[in-house]
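Fold and contact review
Residue strings, one per chain:
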Amino acid sequence: MQALYNDKYIQIFQDKISFKAWCLPWGKKEVKIEHIKNISEKKMGIFSGKNRISGTSNFRDWFHFDSERPKKDKAIVLETDLIYKRLWITPQRHAEAFKTLNQIISKK
């Protein structure tokens, strides 16, 4: 299946998001689009994930591995029905990934 979006850490397909590095620089993970309930954009700051390279501090939010996250200002937040209710993703081409995800999720 052809990826609709692809960068260093994330691939977006019609039916799933594939994380090339979920936890630290290894540990691949896939999240099916059917588990995503809502999508939004959030600004990141010191206390809202900007310096979190990977993981969680509250077991509600999860940040995939991204060594470049401290240089980024925005994240895409996927609200899910998974154990970690909110997945914060920081694609390299934020606007393109957000548009792609919005199109896929609006068709559900």
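Up top is the structure.
Computed from a predicted model, the values in this text were never measured in an experiment.

As a further point, take the environment of Lys85. With respect to the helices, strands and loops of the structure, Lys85 is situated in the loop between strand E7 (74-80) and strand E8 (86-89). Remark: the alpha-carbon pair of Lys85 and Phe59, spanning 26 residues in sequence, is separated by 8.4 Å. Apart from the residues lying within four places of it in its own chain, the contact partners of Lys85 are Arg60, Leu78, Glu79 and Thr80.

The strand order across the open sheet formed by four strands is E1-E2-E3-E4, and the pairing between neighbours is antiparallel. Strand pairing shows two members of the sheet lacking a second neighbour, strand E1 (5-6) and strand E4 (29-32), which therefore form its edges. As paired strands, E1 and strand E2 (residues 10-12) are joined by two bridges and run antiparallel to one another. Bridge pairing in E2 places Tyr5 opposite Ile12. Along the sheet, helix H1 (residues 94-106) contacts E1, E2 and strand E3 (16-19); its crossing angle with E2, the most-contacted strand, is approximately 35°.

Attention shifts here to the side chain of Asp61. Tracing the chain through its elements places Asp61 in strand E6 (residues 61-63). Classification of Asp61 as buried rests on a relative accessible area of 7%. Here Trp88 takes part through its side chain, which lies 2.9 Å from a polar atom of the side chain of Asp61. In contact with Asp61, other than residues within four places in its own chain, are Gly55, Thr56, Tyr84, Arg86 and Trp88.

Considering all chains together, one arrives at nine salt bridges under this definition. For Lys8, the salt bridge identified is with Glu68, shortest N-O distance 3.4 Å. A residue pair is termed long-range when its members are at least 10 positions apart, and Lys8 in the loop between E1 and E2 and Glu68 in the loop between E6 and E7 qualify at 60 residues. For Lys8, a relative accessible area of 45% puts it in the partly exposed group. The residue Asp61 makes a salt bridge to Arg60 at a minimum N-O spacing of 3.8 Å. Taking the relative accessible area as the measure of exposure, Arg60 reaches 42% and is therefore partly exposed. In this structure, a network of salt bridges that share partners links the residues Arg60, Asp61 and Arg86.

What counts, and at which threshold
Residues numbered from 1 in each chain as written. Predicted model: local features only at pLDDT ≥ 70, side-chain atom pairs only at ≥ 80, totals over all residues. Heavy atoms only, no water. Helix = DSSP H or I, 4+ residues; strand = E, 2+ residues; numbered from the N terminus. Contact = heavy atoms within 4.5 Å. Pairing = 2+ DSSP bridges. Axes fitted to C-alpha atoms, helices over the stretch in contact; angles between N-to-C directions. Buried < 20%, exposed > 50% of the residue type's maximum accessible area, 1.4 Å probe, protein only. Polar contact = N/O pair within 3.5 Å; in protein donor to acceptor, adjacent residues only side chain to side chain. Salt bridge = Lys/Arg side-chain N within 4 Å of Asp/Glu carboxyl O.

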